[in-house]
Amino acid sequence: MSSTSVAPGKTTNAILRTENLRVEYRTRELGRSTKVALQGLTLSVNAGEVFGFLGPNGAGKTTTMNVLLGYVNATSGAAYLFDVNVREPIARQRIGYLPELTYYYKFLTAEELLRFYGRLFEIPRGEIDSRVDRLLKLVELEHARKRPIRTYSKGMQQRAGLAQALINDPDLLLLDEPTSGLDPLGRMKVREIIQRLKNDGKTVFFSSHELGEVETVCDRVAIMNSGELKVTGRVTDLVAEHQCNLEQLFLKIVGYQPQPV
Amino acid sequence: MSKIFAVAGVVFMELYRRKDFYVLFILTALITVVLGAVGDQQAVGYLKEICLLLIWVSSLVIAITTAARQIPAERESRTIFPLLAKPVSRAQVLLGKFAGCWLASGVALLVFYIFFGLVAASREHELHLELYAQAVWLHWQALGIVTALTLLGSLVLSAPAPNITIVFIISVGCLYVSRYLHLVAARMTEPGQTITGVIYYTVPQLWFFDQRALVIHNWPAIAWIWVGLATVYGALYSGFFLFAACLIFRRKALN
């Protein structure tokens, strides 16, 4: 019998699901022993969706990502990827993750990095070879495949990151501010890749501060503030319901008051 | 296992792309060659003693410094995040780190001993292969214990420097002092006697793995059964330290 924790009562085609997720951190602040980073987050992302996860700094986006990726254990509640509890490493078999900044072994070449990650997914050697070639072509790093990552520009490193996130041909991509720090051309390229993944039927869950970008590529969004989910829904429905664009809605939800100049 | 070996491969690659090992090897080789050139035939024993001491110090430095920076460096450079976003458990990462460090220090050890053996054989005109094989093997087992202890320390202490210092002191203590602890305990009063006795029976007795005296004097090799028992003893200590490290690493929040 398998010991993998499977989500009870699967009824939807949600491939990412959180149930009443609560995360508390220990704090050194005087008079407080814990700080609530996330409270009662219930969220689901369906197969084939591009889902935007929005919120100001400190809203709980990164904490949610950390729980989904198994870096942090939830204080209560649960999170599931493909109906497998995120506490099980196997839950990450079908996901690709692109961090906000490039956190890769700088002494490796892009090719070595992709091979290493491919081995962690237990992809057969021959298959790794063809995937490495295809991905390096996709992210336009073929010419630099034998160079150590430390010699890459920021844009090249981000593209290497995108390639590693796709090495296992994931069904779900978790992107943490994927266009942060990229030039307009780099942003366009990432956006094109997200669109292409969507056309291939992949699910994309990404956090971003770029509201225009989210409005362009996302099917649904969730807006977080102070560790709580404030609103979730289809972008077109939310815009129509609140009679404003996504940016205005976002500012309203986070309680932004414009100061008189 | 393939995931553990994949992680170990990256550790190995990192080590041979760094300069530490080459510097230590060149330094050890240089001292060996200089001593070999100036010493007369009767000084061969001293030459071997100094060279073996250098090999022990160098191998401890390689094993401890390599293992001590693995997890802290992963956390500092944040490479741990994309790594753990893959279907790999923290225990597999830790075991991979251990395997990589241990194998890398084993290769370094082999290079050191081959060089030492060649220099010694050129002076003595004989090579005691069985003795050398036992010495290398047991030395490597000792490095396994030290590597596992260092990895455990790197999860308890946040910075590598204090961990390196503490493990180095413990290793030297276990190599030179621990064998006399029961004698010291016998002369003490309570509760010192019990405390020292407990320390004697709990710390790894690294001197079990030290074959330098045999190699220096070309004494006969020990029975392989003792080598086997020492290997089991080493594996138990390494396993215990790794198990404790896995438990700590599993509970550690990464953010």
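Here, the structure is the one placed above.
Model, not experiment: these values are computed from the prediction.

A few words on the overall build of chain A. The secondary structure content of chain A amounts to eight helices and 10 strands. At a minimum sequence separation of 6, the contacts of chain A that also span at least 24 residues come to 67%.

Right, let's get into the overall build of chain B. Assigned secondary structure in chain B consists of 11 helices and zero strands. Ordered by position in the sequence, the α and β elements of chain B form the string α-α-α-α-α-α-α-α-α-α-α. Computed over its C-alpha atoms, the radius of gyration of chain B comes to 20 Å, within 12% of the 18 Å expected for a compact globule of 255 residues. With the C-alpha coordinates aligned to their principal axes, the bounding extent of chain B is approximately 60 × 50 × 35 Å.

Another point: helix H3 (residues 125–138) of chain A. All names here are of chain A. Between its first and last C-alpha, H3 extends 20 Å over 14 residues, near the 20 Å set by a 1.5 Å rise per residue. Taken together, the buried positions of H3 are occupied by Arg131, Val132, Leu135 and Leu136. For H3, the angular spread of buried residues about the axis comes to 125 degrees, placing them on one side. Residues of H3 that are exposed and point more than 90 degrees away from the buried face comprise Gly126, Glu127, Ser130, Arg134 and Lys137. Packing partners of the buried residues in H3 comprise helix H2 (110–120) and helix H4 (154–165). Count one or two residues on from H3 and you reach Glu140, which has phi positive near 55 degrees.

Now for the interface of chain A and chain B. Each side of the interface is counted separately: chain A has 23 residues, and chain B has 21 residues. Tallying contributions element by element places H2(A) first for the side of chain A that touches chain B, with four residues. Of the residues assigned to the side of chain A that touches chain B, the class counts are 16 nonpolar, four polar and three charged.

Turning our attention to the sheet that holds strand E4 (residues 76–81) of chain A. Residues and elements named next belong to chain A. Overall, antiparallel pairing links the four strands, which are arranged E2-E1-E4-E5 in an open sheet. At either end of the open sheet lies a strand with only one pairing partner, and these are strand E2 (34–46) and strand E5 (84–85). Across the face of the sheet, helix H1 (residues 61–68) comes into contact with strand E1 (14–26), E2 and E4 while running at roughly 70 degrees to E2.

For the rest of this paragraph, the subject is the packing of helix H3 (residues 44–76) of chain B against helix H6 (residues 129–156) of chain B. All names here are of chain B. Between H3 and H6, the least distance of the axes is 8 Å, while the angle of their chain directions is 30 degrees. Taken together, the axes of H3 and H6 lie roughly parallel to each other. In this structure, H3 crosses over H6, and the sense of that crossing is right-handed. Contacts from Ser59, Leu60, Ala63, Ile64, Ala67, Ala68, Gln70, Ile71 and Pro72 in H3 reach His139, Leu143, Val146, Thr147, Thr150, Leu151, Gly153, Ser154 and Leu155 in H6. For the contact of H3 with H6, a count of residues per class yields 11 nonpolar, seven polar and no charged.

This next bit is on the environment of A:Ala79. Residue and element names in this part refer to chain A. Note on placement: Ala79 falls in strand E4. Classification of Ala79 as buried rests on a count of 23 C-beta atoms within 10 Å. A sequence separation of 103 residues divides Ala79 from Leu182, and the C-alpha atoms of the two residues are 31 Å apart. Ignoring any residue separated from it by four or fewer positions in sequence, one finds Ala79 in contact with Thr18, Leu21, Val67, Leu68, Ala74 and Val86.

Here we take up the sheet that holds strand E8 (residues 203–207) of chain A. Residues and elements named next belong to chain A. Taken in spatial order, the six strands line up as E6-E7-E8-E3-E9-E10 in an open sheet, and their pairing is mixed. In this open sheet, the two edge strands, each paired with only one partner strand, are strand E6 (95–98) and strand E10 (228–234). Strand-to-strand twist in this sheet, taken as the mean axis angle between neighbours without regard to direction, amounts to 15 degrees. The pairing of strand E3 (residues 50–54) with strand E9 (residues 220–225) spans four bridges and is parallel. Pairing of Gly52 across the sheet is with Val221, part of E9. Of the strands in this sheet, E9 and E10 touch helix H7 (residues 235–242), which is tilted by about 105 degrees from E10. Here helix H8 (residues 246–253) sits on the sheet and contacts E3, E9 and E10; the angle it forms with E9, its principal contact strand, is near 25 degrees.

The rules behind each value
- Residues numbered from 1 in each chain as written.
- Chains lettered and ligands numbered in written order.
- Predicted model: local features only at pLDDT ≥ 70, side-chain atom pairs only at ≥ 80, totals over all residues.
- Helix = DSSP H or I, 4+ residues; strand = E, 2+ residues; numbered from the N terminus.
- Contact = placed C-beta atoms within 7 Å.
- Rg over C-alpha atoms; globule rule 2.2 N^0.38 Å.
- Expected span 1.5 Å × (residues − 1).
- Buried ≥ 20, exposed ≤ 12 C-beta atoms within 10 Å, placed from the backbone.
- Arc of directions from axis to C-beta.
- Nonpolar A, V, L, I, M, F, W, Y, C, P; charged D, E, K, R; others polar.
- Pairing = 2+ DSSP bridges.
- Axes fitted to C-alpha atoms, helices over the stretch in contact; angles between N-to-C directions.
- Parallel < 35°, antiparallel > 145°, perpendicular 65-115°, else oblique.
- Left-handed = near helix turned anticlockwise from the far one by under 90°.

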